[in-house]
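Architecture at a glance
As a plain string of letters, each chain reads:
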Amino acid sequence: MDATIIGVRFQKVGKVYHFDAREFRDIQVGDHAVVDTSRGRQLGEVVALIDEPGDAPGGKWKPIVRLATPRDLVLRQLLEKKELEATINCREKVSELGVEGIKIVTSEFTFDNTRLSILYSTEAEGKVDIKKLRTAIRRSYPRTRVELRQVGPRDVAKIIGGMGACGLASRCCSQFLTEFSPISIKMAKEQGISLTPSEITGMCGRLRCCLMYEYQQYVNARKKLPKRGKKVVTPLGDGKIVDVFLLKETALVELEGGIQHEFGSQDLEPWQ
């Protein structure tokens, strides 16, 4: 029997992980499954049936433990309440201990309740001493393995959610971005976007993720069009490029006599 590989997501907008579901042939997208991960046992939602998963890490995919029962789903809801309580408790510990430069973002329990991850962010330069905080939290959860994990500003924005800098009711990272791609100022320059910080910076204080959405189209279009100021030959005679419209793949050319006309990239040839 061929293996059925499924994609499982543990967070609403999180990375998808592959598992072997060959023992559960009727599994469907939308079902929930209990699986073993490197961080412990977890409950996740089946979001995809994978036809071509590629090579499995280590030679084989981990099998799912079982399909989730109604009791499992209720338990997951109870854990969410415990996670909120843990977040509040940790924030109180930060205040009591006077730990500066630390912001507790959220808490995550594994489904088997054996591990608690406290996610925090910091704007302080250099390393922040969290030894006292870690010790205090571990005393509060003596039967659970506790780890404090620092996350970046983009992750914080994704977890907290809220309106995007562009005015969308929900930020892209909280809606559909499962991973963050490298963003550079070059992407804004390539697209002719204003470099004013408020125009290119997201709510996380970093360059907006949307700068990459159309970046490649602009790069490809520039290869087909001459730069501004270049002399070209057109069906109406020689002229000079006044402006380029990259997404339309056209250019505005000033012909002899000062007349301006728009041409497609296929109608432009380099001036000899």
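Below is a summary of the structure that appears in this document.

Rules behind the numbers
Residues numbered from 1 in each chain as written. Predicted model: local features only at pLDDT ≥ 70, side-chain atom pairs only at ≥ 80, totals over all residues. Heavy atoms only, no water. Helix = DSSP H or I, 4+ residues; strand = E, 2+ residues; numbered from the N terminus. Rg over C-alpha atoms; globule rule 2.2 N^0.38 Å. Buried < 20%, exposed > 50% of the residue type's maximum accessible area, 1.4 Å probe, protein only. Contact = heavy atoms within 4.5 Å. Areas by Shrake-Rupley, 256 points an atom, 1.4 Å probe, with all protein chains shown as cover. Salt bridge = Lys/Arg side-chain N within 4 Å of Asp/Glu carboxyl O. 1 Å grid on protein atoms, 1.4 Å probe; cavity = no way out; pocket = protein on both sides within 12 Å on 5 of 7 lines; lining within 4 Å. Points joined across faces, edges and corners; volume = space filled by probe spheres on them. Nonpolar A, V, L, I, M, F, W, Y, C, P; charged D, E, K, R; others polar. Pairing = 2+ DSSP bridges. Core = buried A, V, L, I, M, F, W, Y, C linked by side-chain atoms within 4.5 Å. Axes fitted to C-alpha atoms, helices over the stretch in contact; angles between N-to-C directions.

With respect to the overall build of the chain
- For the chain, the helix and strand inventory stands at seven helices and 13 strands.
- Radius of gyration (C-alpha) of the chain: 27 Å, far over the 19 Å computed for a compact globule of 272 residues.
- Counting the 272 residues in the chain, one finds 37% classified as buried.
- Intrachain contacts of the chain at a sequence separation of at least 6 include 53% that bridge at least 24 residues.
- With the model as given, the accessible surface of the chain reaches about 17,100 Å², and the carbon-plus-sulfur share is 49%.

Observations concerning the pattern of salt bridges
- The tally for this structure, following the rule as stated, stands at ten salt bridges.
- With a shortest N-O distance of 2.9 Å, Arg-66 and Asp-72 are connected by a salt bridge.
- By relative accessible area, Arg-66 is classed as partly exposed at 30%.
- When its relative accessible area of 3% is taken as the criterion, Asp-72 is described as buried.
- Here the salt bridges do not stand alone but share partners, grouping Arg-39, Glu-147 and Arg-149 into one network.

Let's talk about empty space enclosed by the protein
- Inspection of every chain in the model, using the stated rule, returns two cavities of 30 Å³ or more.
- If you go around the largest cavity, you meet 19 residues; those closest to its centre are Arg-171, Cys-172, Gly-202, Arg-208 and Cys-209.
- Of all the secondary structure elements, the ones that give two or more residues to the lining of the largest cavity are helix 3 (153-160) and helix 4 (172-175).
- Its residues assigned to classes, the lining of the largest cavity shows 13 nonpolar, three polar and three charged.
- Considering only enclosed or pocket space, the second largest cavity measures out at about 30 Å³ in volume.

Re unusual backbone geometry
- The phi torsion at Asn-113 lies on the positive side, around 65°, for a residue other than glycine.
- Tracing the backbone through its elements, the reader meets Asn-113 in the loop between strand 6 (103-109) and strand 7 (115-121).
- One non-glycine residue with positive phi stands out, namely Glu-249, at about 60°.
- Looking at the element boundaries, Glu-249 is found in the loop between strand 10 (237-245) and strand 11 (250-255).

What about the pairing of strand 4 (residues 40-50)?
- Across five bridges, the pairing between strand 1 (residues 5-9) and strand 4 is antiparallel. Each bridged residue has a counterpart across the sheet, and for Val-8 the counterpart in strand 4 is Val-46.
- Relative to strand 4, strand 3 (residues 32-37) runs antiparallel, the two sharing six bridges. Looking at the pairing, Asp-36 lines up with Arg-41 of strand 4.

Regarding helix 3
- Those residues of helix 3 not exposed but buried are Arg-154, Val-156, Ala-157 and Lys-158.
- Check the buried side of helix 3 and you find it contacts strand 6, strand 7 and helix 4.
- Immediately beyond the C-terminal end of helix 3, within one or two residues, lies Gly-161, with a positive phi of roughly 75°.

Let's talk about the nonpolar core
- Within the largest apolar cluster, 21 residues are counted, with the highest numbers of intra-cluster contacts made by Ile-102, Ile-104, Leu-133 and Leu-148.
- Among the secondary structure elements, those contributing two or more residues to this core are helix 1 (70-97), strand 6, strand 7, helix 2 (131-140) and strand 8 (145-150).
- Of all the elements, helix 1 adds the most residues to this core, at four residues.
- Not counting chain neighbours up to four residues away, the residues in contact with Leu-133 comprise Cys-90, Lys-93, Val-94, Leu-97, Val-99, Ile-102, Ile-104 and Leu-148.
- Counting twelve residues, the second-largest nonpolar core is a separate cluster that includes Tyr-218, Leu-225, Val-253 and Phe-263.

Looking at the sheet that holds strand 1
- Strand order in this open sheet of five strands is 2-1-4-3-5, and the pairing throughout is antiparallel. The outermost strands of the open sheet, each flanked by one partner alone, are strand 2 (16-20) and strand 5 (64-67). Direction aside, neighbouring strands of the sheet carry axes that sit 45° apart on average.
- Here strand 3 pairs with strand 5 via three bridges, running antiparallel. Its bridge partner lying in strand 5, Val-35 is registered against Ile-64.

Things to note about the sheet that holds strand 12 (residues 260-264)
- If you trace the five strands from one edge of the open sheet to the other, you get 12-11-10-9-13, paired in antiparallel fashion. Of all the strands in the sheet, the pair left with one neighbour each is strand 12 and strand 13 (269-270).

Some thoughts on the environment of Ile-130
- Residue placement: Ile-130 occurs in the loop between strand 7 and helix 2.
- Residue Ile-130 is classed as buried on the basis of its relative accessible area, which comes to 7%.
- The contact partners of Ile-130, leaving out residues within four places of it in the chain, are Ile-102, Tyr-120 and Leu-148.

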